[in-house]
Amino acid sequence: QVQLVESGGGLVQAGGSLRLSCAASGHTFSIYAMGWYRQAPGKQAELVARITSGGSTNYADSVKGRFTISRDNAKNTAYLQMNSLKPEDTAVYYCAADPSGTGFGSWGQGTQVTVSS
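Residues numbered from 1 in each chain as written. Predicted model: local features only at pLDDT ≥ 70, side-chain atom pairs only at ≥ 80, totals over all residues. Heavy atoms only, no water.

A short note on the sheet that holds strand S3 (residues 18–24)
In spatial order, the strands read S1-S3-S8-S7; together these four strands make up an open sheet with antiparallel pairing. Two strands lie at the open edges of the sheet, namely strand S1 (4–7) and strand S7 (67–72), each paired on one side alone. Recorded for the sheet is a direction-independent mean angle of 15 degrees between the axes of neighbouring strands. Alignment of S1 against S3, held across four bridges, turns out to be antiparallel. When the sheet's bridge partners are listed, Ser 7 is paired in S3 with Ser 21. (Pairing = 2+ DSSP bridges. Helix = DSSP H or I, 4+ residues; strand = E, 2+ residues; numbered from the N terminus. Axes fitted to C-alpha atoms, helices over the stretch in contact; angles between N-to-C directions.)

Next comes the structure, spelled out in structure tokens:
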């Protein structure tokens, strides 16, 4: 079982930046695909960004050009750099791991991101 702990959320003004971190347990982090989801009140969860074990990335159209997902395998940590934040980015952000290639089955507790206008 992979354990994930997010940090880095908070309150920021529109146009500002935040960096989320996701620390993972386990000595095989390097083979996990990692992802960041978000869920705003009353809305379905959305996959924001994904990074494979080889470093390939995918982004939701709503964040392309503004968000960057990355990973540091030596630190067992994944990151989400969020720039040019908008009020519509307000949500709880969750880190997720796919240790076996069968889907994101491990989740963190979530971290709140609030963007004020």
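Quick word on the side chain of Arg 71
By the element assignment, Arg 71 lies in strand S7. A polar contact of 3.0 Å, which involves the side chain of Arg 71, links it to the backbone oxygen of Thr 52. A polar side-chain atom of Arg 71 sits 2.9 Å from a polar atom in the side chain of Asn 73. For Arg 71, the contacting residues outside a window of four places in its chain are Phe 29, Ser 30, Tyr 32, Ala 33, Met 34, Ile 51, Thr 52, Ser 53, Thr 77 and Ala 78. (Polar contact = N/O pair within 3.5 Å; in protein donor to acceptor, adjacent residues only side chain to side chain. Contact = heavy atoms within 4.5 Å.)

Description of the environment of Glu 6
Structurally, Glu 6 is set in strand S1. The exposure class of Glu 6 is buried, given its relative accessible area of 5%. With 56 residues separating them along the chain, Glu 6 and Ser 62 place their C-alpha atoms 22 Å apart. In contact with Glu 6, not counting residues within four places along its chain, are Ser 21, Cys 22, Trp 36, Tyr 93, Tyr 94, Cys 95, Gly 108, Gln 109, Gly 110 and Thr 111. A distance of 2.9 Å separates the side chain of Glu 6 from the backbone nitrogen of Gly 110, its partner in a polar contact. (Buried < 20%, exposed > 50% of the residue type's maximum accessible area, 1.4 Å probe, protein only.)

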